[in-house]
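Now for the letters of each chain:
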Amino acid sequence: MKKYILILILSLISCTNETKVHQKIIVIQPLGDFNIEQAKNVLNKIQTINPNVVLRKNIPFPKNSYYELRNRYRADTIIKTIKNNIGKDSVIVGLSNKDISVTKGKIEDWGVMGLGYHPGKACVVSDFRMSIQNKNEQFYKVVLHELGHTEGLAHCPVKTCLMRDAEGKNHLNEEKDFCIKCKTYLIEKGWNLKNP
Ligand SMILES: [Zn+2]
Ligand SMILES: [Zn+2]
């Protein structure tokens, strides 16, 4: 009996240590002819919240992701494919200048700005539906939103929070930062965000 208690205590100690230091490697994967400068911009910004980030060379969109009828790419197929191209402690974010889409309820092919597993190891972001004036800023906000989903965050009711549900619109200019609740969650996951 004593032995079991000891094992339990030891495993509890190792669990807490792990959650404190663990931070995933973020792999940035530009798709198709995605703009290199734009990818570097994302790299530089992510480095401020996680130094473990790598920018990969462009790869073609997964073959079976092309949706000819609307000349765009299926986001669900993209994340399903790219999630297999990384190591155990990594998460991958695909970057697209082309429109991406997913099935939403009764709508078979719905255009989106991003899609990520909740939780999981892959997400994809497209700038196709973003405003031209502050595209880089909007793009990075959606990258953070999708990475938030991969960490397990759901949509957030706070209007200025980056985890707000787009609901088919672009509210990105109203979104300022993660709210205190979402930020606290991500800091616990090892994100280097300023304490709320
Ligand atoms: Zn979302
Ligand atoms: Zn929030």
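Our structure is the block above this text.
Quick summary incoming for the structure in this document. If you're wondering where the values come from, they're calculated on a predicted model, not measured in any experiment. (Residues numbered from 1 in each chain as written. Chains lettered and ligands numbered in written order. Predicted model: local features only at pLDDT ≥ 70, side-chain atom pairs only at ≥ 80, totals over all residues. Heavy atoms only, no water.)

### Description of unusual backbone geometry
Cis geometry marks the peptide bond from histidine 118 to proline 119; its omega dihedral reads -5 degrees. Locating proline 119 in the fold gives a position in the loop between strand 8 (114-116) and strand 9 (122-126). For asparagine 71, which is not glycine, the phi dihedral falls at a positive 50 degrees. Structurally, the position occupied by asparagine 71 is in the loop between strand 3 (66-67) and strand 4 (72-74). (Helix = DSSP H or I, 4+ residues; strand = E, 2+ residues; numbered from the N terminus.)

### Focus: the nonpolar core
One recurring pattern in soluble globular proteins: nonpolar side chains tend to sit buried together. By size, the foremost hydrophobic cluster in this structure holds 34 residues, and its most contacted members are Ile46, Val93, Leu95, Val143, Leu147 and Phe178. Elements with a contribution of two residues or more to this core: strand 1 (25-30), helix 2 (36-47), strand 5 (90-96), strand 9, helix 4 (135-150) and helix 5 (180-188). Per-element accounting of this core gives the leading share, 6 residues, to helix 4. Beyond its immediate stretch of four places on either side in the chain, leucine 95 contacts Ile28, Gln29, Pro30, Leu31, Phe34, Ala39, Val42, Val125, Phe139 and Val143. With 15 residues, the next largest nonpolar core counts Leu31, Ala75, Ile86 and Val124 among its residues. (Core = buried A, V, L, I, M, F, W, Y, C linked by side-chain atoms within 4.5 Å. Buried < 20%, exposed > 50% of the residue type's maximum accessible area, 1.4 Å probe, protein only. Contact = heavy atoms within 4.5 Å.)

### Observations regarding the coordination of the zinc ion (ligand 1)
Binding of the zinc ion (ligand 1) to the protein goes through His145 (NE2), His149 (NE2) and His155 (NE2), at separations of 2.0 to 2.1 Å. Every donor residue of the zinc ion (ligand 1) comes from the same chain, spaced as H-x3-H-x5-H. Note that histidine 145 and histidine 149 are positioned in helix 4 at a spacing of 4 residues, about one turn of the helix. Residue classification places histidine 149 among the buried positions, given a relative accessible area of 8%. (Donors = N, O, S within 2.8 Å, 3.2 Å for Na, K, Ca; no water.)

### Observations concerning the sheet that holds strand 1
Across the sheet, which stays open at both edges, the 5 strands sit in the order 2-1-5-9-8 with mixed pairing between neighbours. With one partner strand each, in any of the chains shown, strand 2 (53-55) and strand 8 form the two edges of the open sheet. On average, each strand axis in the sheet is inclined to that of its neighbour by 15 degrees, with strand direction left out of account. The sheet strands contacting helix 3 (residues 75-82) are strand 5, strand 8 and strand 9, and the helix crosses strand 9 at an angle near 135 degrees. Where helix 4 meets the sheet, it contacts strand 1, strand 5, strand 8 and strand 9, and its direction lies at approximately 160 degrees from that of strand 9. (Pairing = 2+ DSSP bridges. Axes fitted to C-alpha atoms, helices over the stretch in contact; angles between N-to-C directions.)

Purely spatial values, then, with no claim about function.
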